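Each chain, written out:
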Amino acid sequence: MIPLAPAPPAIVCRACPPVTLARELSASPAGTVVRVAGGVYRGNFTLGRGVTLQGEGAILDGGGSGTVLTIAGSDARISGVAIRNSGTSYVDIDAGIRVLGDRASIENVTIARSLFGIDVKSAGHVVVQGVTVDGLAQRDVPLRGDALRLFYSPSARIAGNTFRNGRDVLIWFSNGAVIEGNRISDCRYGIHVMYAKRLAIERNAVTNCEVGTYLMYATQLRIESNVFAHNRGSTGYGIALKSADDVVVRNNALVDDHAGIYLDQSPWSQGASLRVEDNLAAYNGVGLLATPATAGGVVVGNAFVDNIVQAQASGQGDLKGMTFDEGERGNYWSDYAGYDARGTGIGDAPYLAMTAFGAEAAADPRLQLLTYSPAAVAIDFAARALPAFAPSIQLVDHVPALRAPSFSDLPWPHRSGSAVPLLGFAALALGGAGAMGAISRRSGRSGLRRRRHTERTKTLTSVPIITASEVRKSYGKRLALADATFQVRGGETVALWGPNGAGKTTLLRCLLGQVSYQGSLTVAGMRPSPRIPAARVLMGYAPQSLPDFEMSVEELAVMVGALRGCDAAEIDAALAETGADQARGTAVGALSGGMKQRLNVALALLGEPPILVLDEPTAGLDRASHRSLVDMLRERKRRDKTIIFTSHDAGDVLALADRVAMMEEGRVVGVMDVDRFGPLMRRRHEEDAVWHRA
């Protein structure tokens, strides 16, 4: 009978001296399990080959010197302990844990107040799982150590960890790693890879870093089902690839990054591949940014949503060396303005990436302050109307999708709230595409042409012309509009009242279809959208101010009038009615504030649209011009014109509005008849007077 091998020894340490614990961890034979129950153990410890350290509320404290715990031998395991207070030497790479042995396992460990979190050197098949590393947040990012370092350590598994306030999660010369299900935040590079092969980066959430992930000189990479959000450093990429080959980037969300995806000569080698497919790039500075030398990649099935620039080559050049469609599969572009007359879900005309303002903003980031402003809209308008201003075409997608793909089962970060607007986006896009198909199939493209005013008014005044329900808009992390709900009946005048920043202008931009949004918003039964112009043609819009065009008043009016289908007599009448005809030959940029505002309203009146959308229409006017404009709008109101306007002038509201929508902090907090608005303003005025006298 063969005798059984003895069971591995189990050692229980309850408040034993640190020197005793150190001896047991380093000198015990393979298979020993050392259980440490409670207590703080100060010193530097070494875990020997095949030894398991199990903690039950125990803390290993390095006392500010050296590496706290070194796993020196193979097949060692550690779990359930807290580690803190390493040394501060960059030369020695003082860390919470150093791993030097193969097949080490680190699970359910917390590391705090340590220069480097976990340092793995020349150790294969290491598992790091369920670990929290909280770095030195008080230091500038470059002066922190890496939360995790893998150096010449193949086949590691890094799963389900939390890394925050470190420098990088660093994967160098380490092939075959799986990086899965981690949450990485407030670092420099969330995941930094160099000279590695056969990597899988899956289901990670990387947020608030300077760069989400940067992969350099690496091959055979799979980057799938991750979220890269709010990565806004000086280079601020969600995913960056430099000289990388055979890469698949699939089903990721890139949200509110400086650039969602950055490609620098990737693929690099002849015959190598790069596929960027089924990703969401939304609310970024640039959705896809690439060096002009980048060629050979395939970009299909993605959704590019409300990026300041959808796709752009860095510096001079374009993206025509890349492929943006395969067969009947292209990408969804939120600013696509084409049609789908056949109802196939594919635009009838190609998508061309060439926004004038976006190109300027990509070259000079300071201009991004003007994003969504009237100046930006005017620049793009001029580029479309006047070919001399048009920028070069960056890319062509021959089969642009009118329906966004669905994005599910992604690891949305819990704190940022980003998941809420983005999870609902696909449904929004699908609904919008369906509406566009119905319009184009019912009436053809000619259905969007201007009809006579009398026909439109008769149709629109019989039902609520504008209906908003829980309309919500965010710019990255900033919530600009929250659950706005109201109705405007045909022929009614509604004022939006509230302080600066209340969301009035954002609501108008949603109404005009300048931006995408969540919730339900219809104009004459149609959903306004950046790519569906049917609702927009029903509205005449006067922004808060016009840009300083060099063209004259008459030249600008003729250009806008031509786009609205107006003849010379209609243009003359609109200028005369507002008094802007007094400055026909004057350059728009040389006008006084009051005269520019008259022109602004005149342009909104061209074509007699059934709905007027006016943002602070009387701002900057002298007393006489102010009264004249209000009288003119009263006359439009008597003709059953529907008007929605913003104002800080209670007198304008009382003179024009039928009802008032009160807005605060992005919400419509109440809608009242104008008869109630006057007494409310008087009461507030009296309260202010009492406060001033106090």
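One can find the structure itself at the top, above this paragraph.
Residues numbered from 1 in each chain as written. Predicted model: local features only at pLDDT ≥ 70, side-chain atom pairs only at ≥ 80, totals over all residues. Heavy atoms only, no water.

Caption draft 1: Examining the overall build of the protein more closely. Each helix and strand in the protein was counted, giving 13 helices and 49 strands. The contacts in the protein between residues at least 6 apart in sequence include a share of 58% that link residues at least 24 apart. When the accessible surface of the protein is split by element, carbon and sulfur atoms take 52% of a total near 28,500 Å². (Helix = DSSP H or I, 4+ residues; strand = E, 2+ residues; numbered from the N terminus. Contact = heavy atoms within 4.5 Å. Areas by Shrake-Rupley, 256 points an atom, 1.4 Å probe, with all protein chains shown as cover.)

Caption draft 2: Seen up close, the pattern of salt bridges. Inspection of every chain in the model, using the stated rule, returns 33 salt bridges. Across the salt bridge formed by D61 and R84, the nearest N and O atoms sit 2.8 Å from each other. Taken as a pair, D61 in strand β6 (residues 59-61) and R84 in strand β9 (residues 82-84) lie far apart in primary sequence, 23 residues in all. Within the structure, one salt-bridge network assembled from shared partners comprises E202, R222, E224, R250, R275, E277, D278, E326 and R329. (Salt bridge = Lys/Arg side-chain N within 4 Å of Asp/Glu carboxyl O.)

Caption draft 3: View of the environment of L507. Mapped onto the fold, L507 is located in helix α7 (residues 504-512). In the structure, L507 is positioned 36 residues away from V471 in sequence and 8.3 Å away in space, judged by C-alpha atoms. Those residues in contact with L507, other than ones at most four positions away along the chain, are L481, A484, F486, L496 and M663.

Caption draft 4: Highlighting the sheet that holds strand β43 (residues 493-497). Strands sit in the order β45-β46-β47-β43-β48-β49 across an open sheet of six strands; the sheet is mixed. Edge positions in the sheet fall to β45 (539-542) and β49 (667-673), since each of these pairs with one other strand and no more. Along the sheet, successive strands turn relative to each other by an average axial angle of 15°, direction set aside. When β45 meets strand β46 (residues 611-615), the two strands line up parallel, connected through four bridges. Looking across to β46, one finds that G540 is bridged to L612. Sitting on the sheet, α7 touches β43, β45, β46, β47 (642-646) and β48 (659-664), and the angle it makes with β46 is about 150°. (Pairing = 2+ DSSP bridges. Axes fitted to C-alpha atoms, helices over the stretch in contact; angles between N-to-C directions.)

Caption draft 5: Molecular detail of the pairing of strand β34 (residues 286-290). Counted residue by residue, β34 has five buried out of five residues, so it is predominantly covered. Here strand β31 (residues 259-264) pairs with β34 via four bridges, running parallel. What sits directly across from A259, in β34, is V286. By the bridge criterion, four bridges tie β34 to strand β37 (residues 309-313) in an arrangement that is parallel. In the strand pairing of β37, L288 is matched with A311. (Buried < 20%, exposed > 50% of the residue type's maximum accessible area, 1.4 Å probe, protein only.)

Caption draft 6: The sheet that holds strand β42 (residues 478-489), seen in detail. The three strands are arranged β42-β41-β44 in an open sheet whose pairing can be described as antiparallel. Single-partner strands in this sheet number two, and they are β42 and β44 (518-523). Neighbour to neighbour, the strand axes of the sheet diverge by 15° on average, direction disregarded. Alignment of strand β41 (residues 464-475) against β42, held across eight bridges, turns out to be antiparallel. Across the sheet, P464 pairs through a bridge with R489, a residue of β42.

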